[in-house]
Amino acid sequence: MQRQARAVEPGHYDELRDEHGQLRPVWRAFAEHLGAPLSDLTRRQSLLAHQIQEDGVTYNVYNAQGGPSRPWSLEALPLILSAADWHALERGVAQRARLLDHVLADVYGEQAILKDASLPSALVLGHPSYVRGLQGVKPVGGVYLHVVAFDLVRGPDGAWWVVSQRTQAPSGLGYVMQNRLIVSRLFPEAYRAMNVQHLASGYRRLLDTMTELASRCAEGETPRLALLTPGPYNETYFEHAYLARYLGLPLVEGGDLVVRDEALFLKTVQGLEPIHGLLRRLDDDFCDPLELRADSTLGIPGLMQAVRAGKVVLANALGTGFLESPAVHGFLPALSRKLLGEELALPSLPTWWCGEAAAWQDVKDELTESVIRPSFPHAGTPGFGGASTVRQNFDAVIGRMLPPAALKAWRDRIDHDPAAYTVQRFEPYAQAPVWSGNALTMRGASLRVYALSDGQGGWQVLPGGMTRIATRDAGPVSMQLGGSSLDTWVLTDEAVDTFSMLPASIKLDELMQRQRPVASRTGENLFWMGRYTERTEQQLRLLQALVSLQSGDDEMQDSVSRALSDLAEANGLVPTGTPNLIQSPRVFERAALDALADAAATQGAYSLGFNLAALARSAQSLRERLSPEHARLLRAMGGDFQHRLAQAAMPADEQAMADDAEAPAAHAAAPTRLRSLTQVQDAFEHLGMQLAAVTGAQTDRMTRDPGWRLLTVGRLIERLTGYACMLKAFWVSEALAHPQGFDLALDLFDSTITFRARFQRRLEVPALLAMLVMDETNPRALACVLRRLRTELGKLPVRGGSHADMLALLPHEGVGATLAELCEAGKGQEAVLALLNRLIDAGWRLSDEVGRRYFAHAEPTDSMVSA
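Source: prediction; values computed, not measured.

**Student:** Can you help me understand the packing of aromatic side chains in this one?
**Tutor:** Centre distance and the angle of the planes are the two values used to describe a pair of aromatic rings. If you walk through the whole model with that rule in mind, you get 20 aromatic pairs. Residues W72 and Y175 carry aromatic rings whose centres are separated by 3.8 Å and whose planes lie at 10 degrees to one another, so their mutual orientation is stacked. With a gap of 103 residues between them, W72 in the loop between β2 (70-71) and β3 (79-81) and Y175 in helix α6 (residues 173-186) connect regions that are remote in the sequence. Residue classification places W72 among the buried residues on the basis of a relative accessible area of 3%. Members of the aromatic cluster, connected to one another through ring pairs, are W72, Y175, Y203, F238, Y242 and Y246. For the cation-ring pair, R704 lies above W708, with the distance from its terminal atom to the ring centre recorded as 4.1 Å.

What follows is the structure, given as structure tokens:
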């Protein structure tokens, strides 16, 4: 193994081999338990990539405007730390976490360290993350920090250094667990035999600490916790959803929460539910638009007042962000001696805050061996003729990578505003082995470790962490710049902790309270998922019907053409104003083809591509509630459909080549070589099978909680209005008078087989009305849809009025008319049309009422903060 990996860059620590070129003991043990030739790592890396794709593990890149989330980047080989290495790190990390909590207690308390200049006031009071509104406010239990992350590097001599610390909303805990689950399965023998310490107890520690502290706000009730996320467009949204599911917490956004009487509540479909603790993944200044950043749409108005009232636990507390300034590192050794009476066990890289004149003069001529960082967020970066001359890594500029002119410009910039900049000594990152291109390469690695508070002043360090590696040998380490990650194995010389996140027992009186609340936003997303699923199915059936008629031997009747044209326009298959099938069949078909893959509806049509994209977005927003298979299917349908459209447009020889290649993820526009809808018949059939699987997952694999009932109600409302509109189009165009239209109506209602079995070949309108309108055993019949709607509406939580108010929008029983009335000579024609109009109107009014009751929370008594 050591011979197959090339040497590290000069001046870098080699994680794989010692100074004699021999495998270090931890890697020697790993090689012994590999159980296969080194070349087998290619297969395992492929398995890993497939698992990431299957699990939908993603990492969003902010600068990828409009682009899809990219798969999370993870390498097969872990970073392995010996027990001796870890013991030293663990002690140093726990001490630093304790020190930072003491610093916060002083800064928001007596401010003794500011008064005696142990920490310059400018670095605290001048930092935008210092929250003056919380001065003198002690958080619940006196705990400011619940979880702290430290970014570490190993220097050429093997010593560890702290590069940065994350105290606001440290990210990565979800990815850490996901990495562990995937990589440990790749090397099960090595994982067991090498005594790799498990991670679960650390997550339980975080949850237990928050629960204990939140119980002080709950006034005797079972404390309720939630995980606050900025939303699905955040770069690490996957881990927010994953962590929420792993910890058993509802995933909420700022808009899901409201402050009433200085207490925090979750807006749910059942009403307002108290929240006593928030594990937040939202930076300080976005948390409360009333007192912090006024333009924030992500926060909770009034949250600061709830914090001051001691009614909610925030992990971490607001106002901790100033500790993330690199300038703070230079003052921590003295602060450790003052506040803890101890020397700092784990040092930071040598750091100079340029706001101190002496420090700036000491380091001014050493910028080539240093890294320039902003002391405060958003310090500007001067340009020097393009991006190629200035290397940025998390707002850091590496001096040795700058030409002399650029270094001079930086000196001038710092001279102009020295307090805005901090200089750290450059430390070459240790290099870890990575399997890439069927060979072992060595990449620069940075380790992020996490310290978790026990709420009593003690700290537990998660035995592992997230190791990030550079994109090239000695390049910068950054996930945003395309870097990758490694699982981090910490070996133990003691028994492996076999703790599980599953609780040992649960009290009987907690069972009802343990049911997961359904946030109003979640309920709304589920409601629209149901509608989009049904809408997509109806669009697909219309398109398949059009293909069937086009490929048939009989000429399409004018009345049928009118009905199909009206339905296609009403359902968004073609833009409004498109010439119909009678006026210009070719133009109509061309418009339908162009709209198929148009996910953005740029032509004004909302066809399959648009609705499949909407389903994928809903799956993204609901990933903590959906099973992995369900979410994966919803995400895959759009890409699969686009790929099959592209294949249908290819010549036969290119199709054969494409069949052997991996399907592309997506295509931006409709294929230009499609000439007829009949070309995409296979794509329609495949999508139909996928939609059947989605329907099965929604029907049989989701818990019957209020969220599922809202999904079902949404689907039934869409079915009611959609099928009533279909029947109305056939009724108005008189297409049912022809066998072609009669058969087509049965096909659109998916009722052909049942009708033939019951009525044979009798093409009589009363029989059709009995089957498609009055039959409560036919799931597509309007009477059956109404019966199911009444049932599901009656099981929704009571909010904003009784169920009777909603049910009154629908016929009391059946469809509100008898079959005799609909078939009465001379009056039946108008009676059917009036009935269909009433049902369409009832569907739309019911949709509005459901939204008002369960999603809006806009009762007149609403107020964000009590007077």
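**Student:** Can you help me understand the sheet that holds strand β8 (residues 257-260) in this one?
**Tutor:** The strands making up a sheet are joined through hydrogen bonds of the backbone, oriented either antiparallel or parallel. One open sheet holds the three strands; their spatial order is β8-β9-β10, and the pairing between them is antiparallel. Across the chains shown, the open sheet's two edge strands, defined by having one partner strand only, are β8 and β10 (271-274). Put simply, the sheet's adjacent strands are angled 45 degrees from each other on average, direction ignored. The pairing of β8 with strand β9 (residues 263-268) spans four bridges and is classified as antiparallel. Bridge pairing in β9 links R260 to A263.

**Student:** Please explain the environment of P766 as it appears in this structure.
**Tutor:** Examined against the element boundaries, P766 turns out to sit in helix α24 (residues 765-774). On the accessibility criterion, P766 (39% relative accessible area) is partly exposed. Taking the C-alpha atoms as reference, P766 lies 9.9 Å from E824; in sequence the two are 58 residues apart. Once you skip the residues sitting within four places of it in the chain, P766 turns out to touch L819 and C823.

**Student:** It is not clear to me how the pattern of salt bridges should be interpreted in this structure. Could you clarify?
**Tutor:** Opposite charge on two side chains allows them to pair when their charged atoms are near. All chains considered together, the criterion is met by 46 salt bridges. A salt bridge links E534 to R719, with the nearest nitrogen and oxygen atoms 3.0 Å apart. Of this pair, E534 sits in helix α14 (residues 520-551) while R719 sits in helix α21 (residues 706-733); the two residues are 185 residues apart in sequence, bridging distant segments of the chain. Comparing E534 with R719, the two get one shared label, buried. In this structure, R701 engages E629 in a salt bridge whose closest nitrogen and oxygen atoms are separated by 3.9 Å. Linking R701 in the loop between α20 (681-700) and α21 with E629 in helix α18 (residues 628-649), this pair joins segments that are 72 residues apart in sequence. Exposure remark for R701: the relative accessible area of 55% places this residue in the exposed category. Each of E534, E537, R715, R719 and R780 takes part in salt bridges that share partners, so that together they form one network.

**Student:** What is the right way to read the nonpolar core from this model?
**Tutor:** Nonpolar side chains tend to gather and get buried jointly when the protein is soluble and globular. Formed by 104 residues in total, the largest nonpolar core has its most connected members in L596, L677, F684 and V850. Among the elements that line this core, the one with the most residues is α21, at 14 residues. Once residues within four sequence positions are removed from consideration, V850 is found in contact with F527, L710, V713, L793, M806 and F855. Grouped together as the second largest cluster of nonpolar side chains are 73 residues, L79, L100, L264 and F331 included.

**Student:** What am I meant to see in empty space enclosed by the protein here?
**Tutor:** Rolled over the atoms, a probe as big as a water molecule pinpoints where empty space is left. Applying the stated criterion to the full structure yields four cavities of 30 Å³ or more. Lining of the largest cavity is provided by 14 residues; of these, P139, V140, V307, A317 and L318 occupy positions nearest its centre.

**Student:** It is not clear to me how the side chain of R715 should be interpreted in this structure. Could you clarify?
**Tutor:** Of note, R715 is situated in helix α21. On the basis of relative accessibility, which here comes to 7%, the residue R715 falls in the buried class. Engagement of the side chain of R715 in a polar contact is seen with the side chain of T695, the distance being 3.0 Å. Separated by 3.1 Å, the side chains of R715 and Q698 make a polar contact. Sequence-distant contacts of R715, that is, excluding residues within four places in its chain, are made with G530, R531, T533, E534, E537, T695 and Q698.

**Student:** I keep staring at the sheet that holds strand β12 (residues 313-315) and nothing clicks. Help me out?
**Tutor:** Taken in spatial order, the four strands of this open sheet run β7-β6-β11-β12, and their pairing is parallel. The sheet terminates laterally at β7 (251-252) and β12, the two strands that pair on one side only. Bridging between strand β6 (residues 225-228) and strand β11 (residues 277-280) involves four bridges; their strand directions are parallel. Bridge assignment links L225 to a residue of β11, and that residue is G277. Packed onto the sheet, helix α8 (residues 200-214) meets β6, β11 and β12 and runs at close to 145 degrees relative to β11.

**Student:** Can you walk me through the packing of α6 against helix α9 (residues 237-247) in this structure?
**Tutor:** The axes of two packed helices give the description: the angle between them and the distance between them. Look at α6 against α9: their axes get within 8 Å of each other, and the N-to-C directions meet at 75 degrees. Between α6 and α9, the interaxial angle falls into the category roughly perpendicular. Between α6, through L173, G174, Y175, M177, Q178 and L181, and α9, the contact on the second element is made entirely by F238, E239, Y242, L243 and Y246. Here the residues of the contact of α6 with α9 sort into eight nonpolar, two polar and one charged.

**Student:** Would you explain α21 in this entry?
**Tutor:** Structural remark: α-helix, 3.6 residues per turn; residues separated by three or four positions point the same way. Across its 28 residues, α21 extends 40 Å between first and last C-alpha, which sits within 8% of the 40 Å expected from 1.5 Å per residue. In terms of burial, α21 is largely enclosed, as 25 of its 28 residues are buried. Residue E734 follows α21 closely and has a positive phi angle near 60 degrees.

**Student:** Hey, could you run me through the side chain of D598 in this one?
**Tutor:** Along the chain, D598 turns up in the loop between α16 (585-596) and α17 (608-621). Ignoring sequence-local partners within four residues, the contact set of D598 consists of Q603, G609 and F610.

**Student:** Mind showing me how you'd approach the confidence of the model for the protein here?
**Tutor:** Should pLDDT be low for a region, the predicted coordinates there are not to be read in detail. Averaged over every residue, the pLDDT of the protein is 88; the share at 70 or more is 89%. Note that pLDDT drops below 50 for residues 63-67; the model gives that stretch zero contacts with residues more than four away or on any other chain. Contacts of residues 379-394 to residues separated by more than four positions or lying in other chains number 36 contacts, the stretch itself having pLDDT below 50.

**Student:** Can you help me understand the pairing of β8 in this one?
**Tutor:** One face of the sheet, then the other: side chains in a regular strand alternate in exactly this way. Side chains of β8 alternate between two faces, with L257 and V259 and V258 and R260 buried alike. The hairpin formed by β8 and β9 contains two residues between the paired strands, and D261 there has a positive phi angle of roughly 50 degrees.

**Student:** Teacher, can you tell me more about the pairing of β10 here?
**Tutor:** Sheet topology places β9 next to β10; four bridges connect them, and they run antiparallel. Bridging from a neighbouring strand, K267 pairs with L272 of β10.

**Student:** How should unusual backbone geometry be read in this particular structure?
**Tutor:** Glycine aside, a negative phi is what most residues show, and trans is what most peptide bonds show. For the bond running from A315 to N316, omega is 0 degrees, close enough to zero to count as cis. Here N316 lies in the loop between β12 and α11 (332-339). If you check the backbone angles, E262 has positive phi at about 65 degrees while not being a glycine. Despite not being glycine, E734 has its phi angle at roughly 60 degrees, a positive value. Relative to the assigned elements, E734 resides in the loop between α21 and α22 (739-748).

**Student:** Explanation requested: the environment of V143 in the structure shown.
**Tutor:** Inspection of the secondary structure assignment puts V143 in the loop between α5 (121-125) and β4 (147-154). Judged by relative accessible area, V143 falls into the buried class, the value being 5%. Remark: the alpha-carbon pair of V143 and H102, spanning 41 residues in sequence, is separated by 9.6 Å. Ignoring any residue separated from it by four or fewer positions in sequence, one finds V143 in contact with D101, L213, S453 and G455.

Scoring rules and cut-offs
Residues numbered from 1 in each chain as written. Predicted model: local features only at pLDDT ≥ 70, side-chain atom pairs only at ≥ 80, totals over all residues. Heavy atoms only, no water. Phe/Tyr/Trp six-rings, centres within 6.5 Å; stacked < 30°, edge-to-face > 60°. Helix = DSSP H or I, 4+ residues; strand = E, 2+ residues; numbered from the N terminus. Buried < 20%, exposed > 50% of the residue type's maximum accessible area, 1.4 Å probe, protein only. Lys NZ or Arg CZ within 6 Å of the ring centre and 35° of its normal. Pairing = 2+ DSSP bridges. Axes fitted to C-alpha atoms, helices over the stretch in contact; angles between N-to-C directions. Contact = heavy atoms within 4.5 Å. Salt bridge = Lys/Arg side-chain N within 4 Å of Asp/Glu carboxyl O. Core = buried A, V, L, I, M, F, W, Y, C linked by side-chain atoms within 4.5 Å. 1 Å grid on protein atoms, 1.4 Å probe; cavity = no way out; pocket = protein on both sides within 12 Å on 5 of 7 lines; lining within 4 Å. Points joined across faces, edges and corners; volume = space filled by probe spheres on them. Polar contact = N/O pair within 3.5 Å; in protein donor to acceptor, adjacent residues only side chain to side chain. Parallel < 35°, antiparallel > 145°, perpendicular 65-115°, else oblique. Nonpolar A, V, L, I, M, F, W, Y, C, P; charged D, E, K, R; others polar. Expected span 1.5 Å × (residues − 1). pLDDT = per-residue confidence, 0-100.

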